[in-house]
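Inside the fold
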Amino acid sequence: MSILKKLFTAVRGGAREAGQAIVDANGIRIFEQEIADAQNALQRAKKSLTEVMAKEMQTKRKISALDASIAEHEAYAGQALEKGNEALALEIAEKIGDFEAEKAEHEEVLAGFSNHIVQLKQQVKEAEKSIKENQRQLTMVKTTESVQQATMAVNSTLNTNSSSMTSARESLERIKQRQQDRQDQLGAAKQLEADTNGDDLKAKMAEAGIGDTNPKSADILARIKAKQNS
């Protein structure tokens, strides 16, 4: 039994670690959803607040109407007394008592509404402040997350490209070497062609002043002058 219990505990521990890993991996998304849930709850609270405020207004109107009825019946009672009808005046007074009792009940309800409204307004104010602060924090953590991911991507690219750059430089050197080899082969072919056609020998003889050489300008001018003097 102890072994099975330990195995069960290990499984539960692994599940907890896996669950924590999922939470960590989706931390920003969870935080965003929590803020959204808080905003929805705030909207519901505001709706409840408006309903309570509406009931407060209704209760105040009822109290005002009762005050008017009380004042009106007090005047009726006074008129009855003026006419010497005390029994009617007493009956009117009883009605006034009913109005006052109803007014007291509404005033008690009104006090409850007023206190509840004060509490709700304070809670709404605190909730709005908390949500705004969480939204600011969300912006900061999302920015930090983006910067860190970009930095990690750059570092990964640089590490990957270090070997790629080395390989690229080696490829470039091989290309340059092939081009130089090809240029040397072209030069050698040209030299071989010159040797075969005797062009190289003619160039050497001309340079030494042997064989057919093109007369220089000074020699031509001297020849012309000699013809004129003869």
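Residues numbered from 1 in each chain as written. Predicted model: local features only at pLDDT ≥ 70, side-chain atom pairs only at ≥ 80, totals over all residues. Heavy atoms only, no water.

Looking at an unreviewed UniProt entry, the chain carries the name Phage-shock protein, with the source organism given as Pseudoalteromonas lipolytica. The Sequence similarities (unreviewed entry) field of the UniProt record for the chain holds the comment "Belongs to the PspA/Vipp/IM30 family." (UniProt positions renumbered as here; feature names shortened; annotations may be inferred.)

1. Brief notes about the overall build of the chain
For the chain, the helix and strand inventory stands at five helices and zero strands. Expressed as a percentage of its 230 residues, the buried residues of the chain come to 12%. At a minimum sequence separation of 6, the contacts of the chain that also span at least 24 residues come to 80%. With the model as given, the accessible surface of the chain reaches about 18,400 Å², and the carbon-plus-sulfur share is 55%. (Helix = DSSP H or I, 4+ residues; strand = E, 2+ residues; numbered from the N terminus. Buried < 20%, exposed > 50% of the residue type's maximum accessible area, 1.4 Å probe, protein only. Contact = heavy atoms within 4.5 Å. Areas by Shrake-Rupley, 256 points an atom, 1.4 Å probe, with all protein chains shown as cover.)

2. Considering the nonpolar core
The nonpolar side chains of soluble globular proteins are, as a tendency, buried together. Residues Ile35, Leu42, Leu49, Val52, Phe113, Ile117, Leu120, Val124, Ile131 and Leu138 constitute the largest nonpolar core, which totals 10 residues. Elements supplying a minimum of two residues to this core: helix 2 (27-82) and helix 3 (86-197). In terms of residue count, the dominant contributor to this core is helix 3 (six residues). Excluding residues that lie within four positions of it along the chain, leucine 120 makes contacts with Leu49 and Val52. Listed in part, the eight residues of the second largest apolar core include Leu66, Ile70, Ala89 and Ile92. (Core = buried A, V, L, I, M, F, W, Y, C linked by side-chain atoms within 4.5 Å.)

3. A few points about a negative patch on the surface
Residues Glu91, Glu94, Asp98, Glu102, Glu105 and Glu108 make up a contiguous surface patch of negative charge. As for its placement among the helices and strands, glutamate 94 is situated in helix 3. (Patch = residues over 30% accessible without salt bridge, like charges linked within 9 Å, V, L, I, M, F, W, Y side chains within 5 Å. Salt bridge = Lys/Arg side-chain N within 4 Å of Asp/Glu carboxyl O. Lys, Arg positive; Asp, Glu negative; His and termini not counted. Charge placed at Lys NZ, Arg CZ, Asp CG, Glu CD.)

4. Some points on the UniProt feature "coiled-coil region" (unreviewed entry) in the chain
Mapped onto the present numbering, the UniProt feature "coiled-coil region" (unreviewed entry) falls on residues 28-55 and 110-137. Between the end C-alpha atoms of residues 28-55 the distance is 41 Å, and the span holds 100% helix and 0% strand. Between the first and last C-alpha atoms of residues 110-137 the distance is 40 Å; the span itself is 100% helix and 0% strand.

5. So, helix 2
A rise of 1.5 Å per residue sets the reference length of helix 2, with its 56 residues, at 82 Å; its end C-alpha atoms lie 82 Å apart and thus fit the reference within 8%. Phi turns positive, to about 80 degrees, at glycine 84, one or two residues after helix 2. (Expected span 1.5 Å × (residues − 1).)

6. Focus on the confidence of the model for the chain
Confidence along the chain averages 80 in pLDDT terms, with 71% of residues attaining 70 or more. For the chain, the element scoring lowest by mean pLDDT is helix 1 (residues 2-25), at 54; helix 2 scores highest, at 92. (pLDDT = per-residue confidence, 0-100.)

7. Points about the pattern of salt bridges
A complete count under the given rule lists five salt bridges for this structure. The partner of arginine 136 in a salt bridge is glutamate 133, and the shortest N-O contact between them spans 2.6 Å. Of the two residues, arginine 136 and glutamate 133 are both situated in helix 3; the distance of three residues between them amounts to about one turn of the helix. With relative accessibility at 32%, the residue glutamate 133 sits in the partly exposed group.

8. Quick look at the side chain of histidine 106
By secondary structure assignment, the location of histidine 106 is in helix 3. Excluding residues that lie within four positions of it along the chain, histidine 106 makes contacts with Thr59, Lys62, Ile63 and Leu66.

9. Brief notes about the environment of alanine 89
With respect to the helices, strands and loops of the structure, alanine 89 is situated in helix 3. For the pair alanine 89 and tyrosine 76, spaced 13 residues apart in the sequence, the C-alpha separation amounts to 7.5 Å. In this structure, alanine 89 is in contact with Ala77, Ala80 and Leu81, ignoring residues within four places of it in sequence.

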